[in-house]
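Chain residues, written in single-letter form:
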Amino acid sequence: MPEVTAAGIARLAGVGRAAVSNWRRRYPHFPRPVGGTETSPTFALAEVEAWLRAQGKLAEVPLRERVWQRVEADPDGAAEALARAGEHLLRHARPGGRARDAARGPAAAQGGATAEETGATRELDALAEESGAADAFAFLLARHFDANPRAHTLTPPPVADLMAALGGPATTVLDPACGSGELLAAALRAAPGADPAVELYGQENDPVLARLAALRLTLCGTPPPSAVHIRDEDALRTPPGEAPGVDAVLCHPPFNERNWGHDELVYDPRWEYGLPARTESELAWVQHALARLRPGGTAVLLMPPAAASRRTGRRVRAALLRRGALRAVVALPAGAAPPHSLPLHLWVLRAPGGPAAADARLLLVDAGTRHRAGGREPLPWDELHATVRTAWRAFDAGRPVPEEPGVCGTRSVIDLLDDDVDLAPARHLPPAGAAADAQGLAEVGGELERTLRRTLELAPAPGPVPDAGTRWTLTTVGELARGGAVEVRAGGAEGEPVVTREGDVVIPVQGRGAAFVVEPDRAGQTLAKPLYLLRPEPAALDPWFLAGFLRSSANTRQASSYASTASRLDVRRLRVPRLPLEAQRPYGEHFRRLAAFETALRLAGELGERLVQGLYDALAEGTAQPPG
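Thresholds applied
Residues numbered from 1 in each chain as written. Predicted model: local features only at pLDDT ≥ 70, side-chain atom pairs only at ≥ 80, totals over all residues. Heavy atoms only, no water. Pairing = 2+ DSSP bridges. Helix = DSSP H or I, 4+ residues; strand = E, 2+ residues; numbered from the N terminus. Contact = heavy atoms within 4.5 Å. Axes fitted to C-alpha atoms, helices over the stretch in contact; angles between N-to-C directions. Phe/Tyr/Trp six-rings, centres within 6.5 Å; stacked < 30°, edge-to-face > 60°. Buried < 20%, exposed > 50% of the residue type's maximum accessible area, 1.4 Å probe, protein only. Right-handed = clockwise from strand over helix to strand, strands pointing away. Salt bridge = Lys/Arg side-chain N within 4 Å of Asp/Glu carboxyl O. Polar contact = N/O pair within 3.5 Å; in protein donor to acceptor, adjacent residues only side chain to side chain. Parallel < 35°, antiparallel > 145°, perpendicular 65-115°, else oblique.

Caption draft 1: Highlighting the sheet that holds strand 15 (residues 505-508). With antiparallel pairing, four strands are arranged side by side in an open sheet as 14-17-15-16. Every other strand in the sheet has two partners, leaving strand 14 (486-490) and strand 16 (516-517) as the edge strands with one partner each. In terms of strand pairing, strand 14 meets strand 17 (residues 531-536) through five bridges, oriented antiparallel. Each residue of the ladder has a partner; that of Arg-489, found in strand 17, is Leu-533. Against the sheet, helix 21 (residues 543-550) touches strand 14, strand 15, strand 16 and strand 17, its axis set at about 15° to strand 15.

Listed below in C-alpha cells is the structure:
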C-alpha cells in the first residue's frame, strides 16, 4: 500500500506542514501512522486522501504531483520506483510502444500488475502524453533530488553548461563520476544542433544513480540509446585498459575523499605526473581524466580551491605545468556550486600529443571579481559565461588574451614553478579596480558624490499612519496560483528552462535574499536554484505590490521551515492582501521607489569601498601623499 509523509499530505491539501501537525492534534479521526519513525511518520495514502476529501481539504492535485506522490510512497523506495518509472517511460517513448502495450491488454502490459500498479502506470502514461516522456522523467528526477538534498551533490546546470562549452566541441564525452548525468546532459546541450553522432560514456559507483543517468540520457532521444554507455563501476579502481580515448572528459569529482584507493593503486600507470597524496584525491581524478583522453583531447574538472595550493600536491601541479597538460584555472564566484561557501575552480587540461602550444603559459581567470551575486540578485551567469569563454577561446586559438586586472591574464609557466606552485588566480592577477592614480581616485570620488546625492533624492518618506481598525484580508501565493492570478515556477528544475520576463517576481527560497521584480535589462535570463519565479497575471496583480509584500519579515518568517540548519521558504505559503488592482498600485509604486533607494544605497557602499581601498593602495604604493 502506498504511503505518504506529512510533507506529502501538505502538498495534497495545498497547506504547510504546520497545518498537518495541527490536524493530527485536533482531530482524533485523523489517519494513524502506518510506518516511518516517531519523528517522521508515514501514512496510508488512500486513507489520507479519503480523510481530506471528507473534510473538504483535498486540493486539486496536478497530474505530475500525483505521479510523484506514488513514486515517493513506493514501498521499494523512491529511487527504485523512479528507475522503474523511467524504464516504463522509455518503453512509452519508443515508436509504437504504447500501442503494443494496449494491444496486449492491461494485465499483459503490466506483467500481472495489481490494480494499484496499473493505476499508477496509467497516470504515468498520461503525464508522458501531457509533457513528453523526457520532461516527465526529468521532473520526477528533480523532485527526488529536492527531497534528498544531503544524499546527492549535483552540478548546477549553469556550471555544467560552462564546463561543456570549455570542453567542446566533442563527439565522444566521458564523465568518470557521472552521478545522475548532469555533465553528460550539458554535453548534449552543447553539441551543435543536438548532434546525434555524440557518444556519451559514464562511470558511477552507485548502481541506482548509474541506472537513473542512463535512463535520463536515453530519454532525451538524442543521441540514440546505442550511444549512451553508463557503467556501474568505481572509475579510480577500474584502470582504463584498452578503452579508446575520448574527445572530452567532464568531471565533478567527490572532494576530500580519503578512501579512493591510494594504497592499492601505488603503481598504477595513470600517475604519469606523480603519485597523488592520500589527501589529494582530486589530483587522482585529474590524472584519470588525462589517461582517458585521446591525444589533444580536453578535460574540464570542477575542483576545490585548496587543490590549487595545498603543499602535498605541488609536485603533481608542477609536472602538469611543465608538460603543458594544465592549460587554464578559472575561479568561480562563491555560490556557483556546492559547497556554496567556497569559490570553486575549473581546471582545463589538454592531453599531450595534440598541436603544441606556441609558448608555455597558463590562462588564469577570476570570474568572482566581476561577477558576484548582489544582495537579492542571483549570479549573472550569462555575463560570467561570456567572460570565461571569451578568454579561453582567445587563449586556445593562440591569440593574445587582454590583461584585465583582477579578472584574467596569462602567466609564463616558469614564473609559476616556485616552491609552492600555487595556481590560485587571485595570487597572480593584479588587484581589480585599484584606482591608485590621482585621476582614477578623482573619478571614483565624483561618482560617489553623485550617487550619494541621488540616494538622498530617492529616500522615501513614511506614509500616513492608518486607522487602528485597518485589517487585511489575506490570501496565499498557493491560492493565487490555483486561481490563475500567478504562475509559480522553480528555477534549476530539469526539463524546459525557466526564462525571466519583465515584470516577473523572483524570490530565493534559501539564504538571505529577498524578492525582486525583473527589470527590462534583466529579462531573458535563465533562472537557477534556489530561486522561484512568480509570474503575475497583469489584470489581477501588480508585480511591485506582490514583491513588496513578499519581503515582509513577518511574512517570510511564517512561511519558513527550519527542518535543518538552514531555513527554507515555502513560496506557496507566503501571504498577500486581497486588494483590487487599483488599490494595489499605490503600494506597488512605493515599493518600487524603495527598491530604487536600496539599489542606490548599495552602489554608494560599493563606490565607497573602492575609494577607500584606492586611497590605501595609492598611499602604500607612493602614488599619493597625505594632504597638507
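Caption draft 2: Summary view of the packing of aromatic side chains. This structure, assessed with the given rule, holds 10 aromatic pairs. Centre to centre, the rings of Phe-30 and Phe-43 are 5.8 Å apart; their planes meet at 85°, and the pair counts as edge-to-face. Within this pair, whereas Phe-30 is found in the loop between helix 2 (17-26) and strand 2 (35-36), its partner Phe-43 is found in strand 3 (residues 41-44), the two being separated by 13 residues in sequence. A relative accessible area of 5% places Phe-30 in the buried class. Of the residues examined, Phe-43 reaches a relative accessible area of 0% and is grouped as buried.

Caption draft 3: Spotlight on the pairing of strand 8 (residues 293-303). Of all 11 residues that make up strand 8, nine are buried, and the element is covered over most of its length. Where strand 7 (residues 246-251) lies against strand 8, five bridges are found, and the strand directions are parallel. Considered in strand 8, the bridge of Val-246 is made with Leu-293. The handedness of the strand 7 to strand 8 crossover, carried by helix 13 (residues 281-291), is right-handed. As defined by bridge partners, strand 8 adjoins strand 10 (residues 345-350) across six bridges and the pair is classed as antiparallel. Within the sheet, the bridge partner assigned to Thr-298 lies in strand 10 and is Arg-350.

Caption draft 4: Quick peek at unusual backbone geometry. Put simply, Gly-168 and Pro-169 share a cis peptide bond, and its omega is -5°. Note the cis peptide between Pro-338 and Pro-339, where omega equals -5°. Inspection of the secondary structure puts Pro-339 in the loop between strand 9 (326-331) and strand 10. Phi is positive for Asn-256, which is not a glycine, with a value near 55°.

Caption draft 5: Highlighting the pattern of salt bridges. A complete count under the given rule lists 28 salt bridges for this structure. Across the salt bridge formed by Asp-247 and Arg-294, the nearest N and O atoms sit 2.7 Å from each other. Separated by 47 residues along the polypeptide, Asp-247 in strand 7 and Arg-294 in strand 8 bring together distant segments of the chain. Note that Arg-578 and Glu-479 form a salt bridge whose closest N and O atoms lie 3.9 Å from each other. Of this pair, Arg-578 sits in the loop between strand 20 (575-577) and helix 23 (581-621) while Glu-479 sits in helix 20 (residues 477-482), and the two are 99 residues apart along the sequence. Shared partners join several salt bridges into a network, and the residues in it are Arg-311, Asp-418, Asp-420, Asp-422 and Arg-427.

Caption draft 6: Looking closely at helix 10 (residues 157-167). Counted residue by residue, helix 10 has eight buried out of 11 residues, so it is predominantly covered. Where helix 10 is concerned, the buried positions are Pro-158, Val-159, Ala-160, Leu-162, Met-163, Ala-164, Leu-166 and Gly-167. Those residues of helix 10 that are buried lie in contact with helix 11 (182-190), strand 7, strand 8, strand 10 and helix 16 (381-396).

Caption draft 7: The pairing of strand 12 (residues 408-412), seen in detail. Of all five residues that make up strand 12, five are buried, and the element is covered over most of its length. Neither face of strand 12 is exposed, since Cys-408, Thr-410 and Ser-412 on one face and Gly-409 and Arg-411 on the opposite face are all buried. Looking at chain direction, strand 11 (residues 361-366) and strand 12 are connected through five bridges and run antiparallel. Note on strand 12: the bridge partner recorded for Leu-364 is Gly-409.

Caption draft 8: Fine view of the side chain of Arg-216. Position of Arg-216 among the secondary structure elements: in helix 12 (residues 207-219). Side-chain polar atoms of Arg-216 contact the backbone oxygen of Ser-180, separated by 3.0 Å.

Caption draft 9: Summary view of the packing of helix 1 (residues 6-13) against helix 2. It is the contact of helix 1 with helix 2, at a shortest axis distance of 8 Å, that shows an interaxial angle of 105°. It follows from the interaxial angle that helix 1 and helix 2 lie roughly perpendicular. Residue-level inspection shows Ala-6, Ala-7, Ile-9, Ala-10 and Ala-13 of helix 1 in contact with helix 2, the latter providing Arg-17, Val-20 and Trp-23.

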